[in-house]
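Here is how the chains run, residue by residue.
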Amino acid sequence: MVMAGAEGEGVLGVELLETALPRHGDLLRAYFRARLPCPQDAEDHVQEVYSRVIAATAPRTGIANWKGFLLRAAANLLTDNFRRDQARAGGRHVPLDDGMEAGSDDVATPERVVAARQRLGHVQAALAELDPVCRDAFLLCRVEGLSHRDIAARLGIEVGAVTRHVERALLHLARRTGGRGAS
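Parameters at a glance
- Residues numbered from 1 in each chain as written.
- Predicted model: local features only at pLDDT ≥ 70, side-chain atom pairs only at ≥ 80, totals over all residues.
- Heavy atoms only, no water.
- Helix = DSSP H or I, 4+ residues; strand = E, 2+ residues; numbered from the N terminus.
- Contact = heavy atoms within 4.5 Å.
- Expected span 1.5 Å × (residues − 1).
- Buried < 20%, exposed > 50% of the residue type's maximum accessible area, 1.4 Å probe, protein only.
- Axes fitted to C-alpha atoms, helices over the stretch in contact; angles between N-to-C directions.
- Parallel < 35°, antiparallel > 145°, perpendicular 65-115°, else oblique.
- Nonpolar A, V, L, I, M, F, W, Y, C, P; charged D, E, K, R; others polar.
- Salt bridge = Lys/Arg side-chain N within 4 Å of Asp/Glu carboxyl O.
- Core = buried A, V, L, I, M, F, W, Y, C linked by side-chain atoms within 4.5 Å.

**Q** I'm lost on the overall build of the protein chain in this one. Help?
**A** The number of helices and strands found in the protein chain is eight helices and two strands. Each helix and strand of the protein chain, ordered N terminal to C terminal, gives the series β-β-α-α-α-α-α-α-α-α. Long-range contacts, defined here as pairs at least 24 residues apart, represent 53% of the contacts in the protein chain between residues at least 6 apart.

Encoded structure:
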C-alpha cells in the first residue's frame, strides 16, 4: 500500500515492507527453486523481485492481490534473465572444470599449453587487425558479457551497429584462425 506523503509524493506503505513481501517469500523461493537450473540462486532472485516490486509500487495507490503481483514480478524476472542469457549465449558456455579430471583427454599437457598459446596469439593478432570500434564492441560483448544496448551506450553507437560489429569481428576471427577460437 502506498500513502501520500506530506509533500504529495508517493511514500511506500509499511504494509508492503513488513507484511506483504515477507508473507510470500517462501512461495517465491519455491517458485524460483522449481524453475532455476541452480536452486541456490533462488534467494538472490527473491531479493530482486522485492526490489522490482518496491520500485513498481511506489507510484501506485494499492495492490489487492499481493500473491499474484509478486508471482508476475517473479515470472518477469525469469523472462528478463532468460533473454539476457540468450543474448550473451549463456547456454553455450562450458565451465572450465568440466572434463578436467585426472586421466581425462582434456588435461593440460605441455604440448596443449603451447598450442593454446599459439592459438591465442593468432586470435590476438586477428583482433589487432580490426578497427577499434569493432574490436571494442566484440570484446565488450564476448569478453565482458555486456548487452548490445549497454555496449551501444558506452560506445555512442546504435544497437544495430553493435550487432554488425560483433558479427564482423566473428567473421574476421573465423577467417583468420580457420574457425578455431572465434566462438
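That shown, we press on.
**Q** I tried to follow helix α4 (residues 66-87) on my own but got confused; where do I start?
**A** Helical geometry: 3.6 residues make up each α-helical turn, so side chains three or four residues apart lie on a common side. Between its first and last C-alpha, α4 extends 31 Å over 22 residues, near the 32 Å set by a 1.5 Å rise per residue. Listing the buried residues of α4 in full gives Trp 66, Phe 69, Leu 70, Ala 73, Ala 74, Ala 75, Leu 77, Leu 78 and Asn 81.

**Q** Explain the packing of helix α7 (residues 148-155) against helix α8 (residues 159-177) to me, please; I cannot follow it from the model alone.
**A** The axes of two packed helices give the description: the angle between them and the distance between them. Where α7 contacts α8, the axes come no closer than 8 Å and their chain directions differ by 105°. Looking at the two axes, α7 sits roughly perpendicular to α8. Contacts between α7 and α8 pair His 148, Arg 149, Ile 151 and Ala 152 from the former with Val 159, Val 162, Thr 163 and Val 166 from the latter. When the residues that make up the contact of α7 with α8 are grouped by side-chain class, the tally is five nonpolar, two polar and one charged.

**Q** Explain the pattern of salt bridges here, please?
**A** Any two side chains of opposite charge can pair, so long as their charged atoms come close to each other. Summed over all chains, the structure comprises three salt bridges. The partner of Asp 26 in a salt bridge is Arg 29, with the nearest N and O atoms 3.3 Å apart. In this pair, Asp 26 and Arg 29 both sit in helix α2 (residues 25-35), three residues apart, roughly one turn of the helix. Across the pair Arg 29 and Glu 43 runs a salt bridge, and its minimum N-O distance is 2.6 Å. A residue pair is termed long-range when its members are at least 10 positions apart, and Arg 29 in helix α2 and Glu 43 in helix α3 (residues 42-57) qualify at 14 residues.

**Q** How do you make sense of the nonpolar core when you look at a structure like this?
**A** Most often, soluble globular proteins keep nonpolar side chains buried together rather than apart. The biggest cluster of nonpolar side chains holds 20 residues, and the ones touching the most others in it are Leu 28, Phe 32, Val 49, Val 53, Trp 66 and Leu 70. For this core, the elements supplying multiple residues, two or more each, are α1 (14-23), α2, α3 and α4. With eight residues, the top contributor of residues to this core is α4. Non-local contacts of Val 49, meaning those with residues more than four positions away in its chain, are made with Leu 28, Phe 32, Leu 70, Ala 73, Ala 74 and Leu 77. In terms of nonpolar packing, the next biggest core, distinct from the first, is built from 16 residues, Cys 134, Phe 138, Ala 152 and Leu 173 among them.

Bear in mind that shape data such as this cannot, by itself, settle questions of function.
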